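Breakdown of the fold
If you want the building blocks of each chain, they are given just below.
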Amino acid sequence: MNLLAKCKETVVSVVPVMVIVLILHLTVSPLPSTMLIEFFIGGVLLIIGLSVFLLGADIGMIPVGQHVGATLTKKKNLALMLILGFLIGFVITIAEPDVQVLATQVTSVDSTIARTPLIMMIAVGVGLFVAFGLARIVFQISLRWILIGAYLVLFIIAACTSPEFVGIGFDAGGATTGPMTVPFIMALGLGVASVTKHENAEKAQDDSFGLVGIASVGPIMAVLVMGLISGGGNGDVAAAAEAEAAVEYSIAGHFLHIVPEVVIEVAKALGPLAAMFVVFQITLLHMPRQQVRRTVLGLIYTFFGLVIFLTGVNGGFMPAGQVMGAGIGGIGGGWWLVPVGLLFGAVVVCAEPAVWVLTDQVEEVSGGHIRRPVMLVTLALGVAVAVALAMTRVVTGLSIWWYLIPGYALALGMTFFCPPLFTAIAFDSGGVASGPMSSTFILSFTLGASMALGGNPVLDAFGVVAMIAMTPLIAIQALGLIYRRKQAKMEMAVKEHKAKRFALGRKGGQA
């Protein structure tokens, strides 16, 4: 039954993109017939794989995250908590499917960037900032000032690093907050916050969120530092594409050819996670056998789900996305990319299952004042504009700085006026909009468009996931400001009503 529910979620997420691709195929950008079939087979594999993967995360990973967070805090050993927080963030990130996909995209475009070191740097960044975020919860430090300080340092490093790494770095921040990382890190943060002493319940609620937002800064900083060290580069994607095209397979053979490599990569990614669980169980958790069996089953589901998911992505979704982006990029000087980007952005964010969870969360937190339809429309408009602006970058070659600096300046400036809980939810949800569809299809589409227009994909295409991730920071805080205004009006109305009743009571007493 749980698997069926997960299938429904992923179908809603993937099918709208498949429908748009079919419409574009039939109208302005036809795909080769074999590639179209591979795309749809890839879509089916993506649905099945992501469903099984999410089920495994639910029954195995999230409960472990909650247990570890609560147990670490009860130990009252800050050094142990920070060390294990780093290890958890590091290991979970290596297993994150969106990070695996991003690394594949990067190395396919820039051969000077090695896949494994890139993943390792992203994982180190997440681990360090998970530890930092846990320390914030324990010491009850203001999330606003931590975010402002972190992003100031981030932009200073970005100004000094190689330009090729800026878009990749900010995309890493969006890709890291994917279906594996977000549930586990949020569960870890909730576990720590639930057993940390707070002055009041509202402060405890505020500290329950924000850990994912802090953790997403780490991979950006780590990749930018990697750019400082390596000096950057710009590989040639054409040679790799030609080598791949030289070998032809049947449709079934095409996917079967991909499986062995994917199995090895997934085993490397999940091996440390399984080892970490064994060590935690022996030394820290001591969970009952039934829970251990559930966790092992969850790991098995996660393994097979990730293999199926990545096979579908590498075999169907990414190649079709690049070819379609290249086809539309060749029409009308590339400006057709902008309205197509608007359409993809609006559909993708509304189709993300995590967005529906987020809208429920905000509606509950606001006491029903911020309704789900308002949230969905706001996010859809924001992400649609974000993808359209990313396509404008591809066409014009405009620097990503013209988008990131105003966007983050506005988001950080709003923290001074927005209720703290909404700020925490906003920065946690930066990765909600930038889900699997963004990391797989939209980024591939953008890369293909950039190549077709003769641009530099490393400079012009990477950054689209970052812009999608930036939108909720502004949108949800804007709704927080609306909520505060409505709350103030309600409080004023209550005061006026009490004053009128008091005045009427005094008149009655005098009479």
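Criteria and thresholds
The residue numbering used here restarts from 1 in each chain and proceeds along that chain's sequence as written. For this predicted model, a pLDDT threshold of at least 70 governs which residues receive local features, and a threshold of 80 or more governs which side-chain atom pairs are given and counted, while totals over whole chains, interfaces and linings are taken from all residues. For the side-chain quantities, the full set of heavy atoms in the structure was used; hydrogens and water were omitted. When a carboxyl oxygen of Asp or Glu is within 4 Å of a side-chain nitrogen of Lys or Arg, the pair counts as a salt bridge. Under the scheme used here, helices are H or I runs from DSSP no shorter than 4 residues and strands are E runs no shorter than 2 residues, and both carry numbers assigned from the N terminus. Only protein chains enter the calculation, and the probe is 1.4 Å; a residue is then buried if its accessible area is under 20% of its type maximum, exposed if over 50%, and partly exposed in between. Put plainly, a pocket is an open set of points on a 1 Å grid over the protein atoms alone with protein on both sides within 12 Å along at least five of seven lines, a cavity is a set where a 1.4 Å probe fits but cannot get out, and a lining residue has an atom within 4 Å of a point. Grid points are joined across faces, edges and corners, and a volume is the space filled by probe spheres set on the points. Residues are grouped as follows: nonpolar covers Ala, Val, Leu, Ile, Met, Phe, Trp, Tyr, Cys and Pro; charged covers Asp, Glu, Lys and Arg; every other residue, Gly included, is treated as polar. Lines fitted to C-alpha atoms define the axes here, with helix axes fitted over just the stretch in contact, and angles between the N-to-C directions of these axes take values from 0 to 180 degrees. Note that the term roughly parallel is reserved for angles under 35 degrees, roughly antiparallel for angles over 145, roughly perpendicular for angles of 65 to 115, and oblique for everything else. Between two residues, a contact is recorded if the distance between any of their heavy atoms is within 4.5 Å. What counts as a ring pair is set by centres within 6.5 Å for rings of Phe, Tyr and Trp (its six-membered ring), and what kind of pair is set by the plane angle: stacked under 30 degrees, edge-to-face over 60, tilted for all other angles. Should the near helix be turned anticlockwise from the far one by less than a right angle, the crossing is left-handed, and should it be turned clockwise, the crossing is right-handed.

**A short note on the pattern of salt bridges**
Inspection of the entire model under this criterion finds 2 salt bridges. Here lysine 6 ties to aspartate 58 by a salt bridge, and the two come within 2.5 Å at their closest N and O atoms. Here the residue lysine 6 occupies a position in helix α1 (residues 2-26), and aspartate 58 occupies one in helix α2 (residues 33-75), the gap between them amounting to 52 residues. Residue classification places lysine 6 among the buried residues on the basis of a relative accessible area of 14%.

**Observations concerning empty space enclosed by the protein**
Over the atoms, a rolled probe matching the size of one water molecule traces out where space is still vacant. Considering all chains together, one arrives at 3 cavities of 30 Å³ or more under this definition. Forming the boundary of the largest cavity are 15 residues, of which Tyr151, Ser216, Tyr408, Gly430 and Ala469 lie nearest the centre. The set of elements that each furnish at least two residues to the lining of the largest cavity consists of α7 (164-176), α19 (420-428), α20 (430-433) and α23 (464-510). With 3 residues, the single largest contributor to the lining of the largest cavity is α7. Across the lining of the largest cavity, the residue classes tally to 8 nonpolar, 6 polar and 1 charged. Computed from the structure, the second largest cavity encloses a volume of approximately 40 Å³. Met61, Val64, Phe184, Leu273, Met276, Phe277 and Phe280 together form the lining of the second largest cavity.

**Examining the packing of α2 against helix α13 (residues 251-285)**
Relative to each other, α2 and α13 sit at 5°, their axes nearing to 12 Å. When the interaxial angle is binned, α2 and α13 end up roughly parallel. Class assignment of the residues belonging to the contact of α2 with α13 gives a composition of 14 nonpolar, 5 polar and 2 charged.

**A look at the environment of methionine 121**
Tracing the backbone through its elements, the reader meets methionine 121 in helix α5 (residues 115-139). Sequence separation of methionine 121 and valine 225 is 104 residues, and the distance between their C-alpha atoms is 9.0 Å. With near-sequence residues (within four places) excluded, methionine 121 lies in contact with Ala222 and Met226.

**Things to note about the packing of aromatic side chains**
Applying the stated criterion across every chain, the model contains 18 aromatic pairs. One aromatic cluster is present, formed by Phe39, Phe40, Phe317, Phe344, Phe441 and Phe445 through successive ring pairs.

**Notes on the packing of α2 against helix α14 (residues 289-329)**
For the pair α2 and α14, the least separation of the axes is 6 Å and the interaxial angle reads 155°. What the angle tells us is that α2 and α14 run roughly antiparallel. Crossing hand, α2 versus α14: left-handed. Broken down by class, the residue content of the contact of α2 with α14 amounts to 25 nonpolar, 14 polar and 2 charged.

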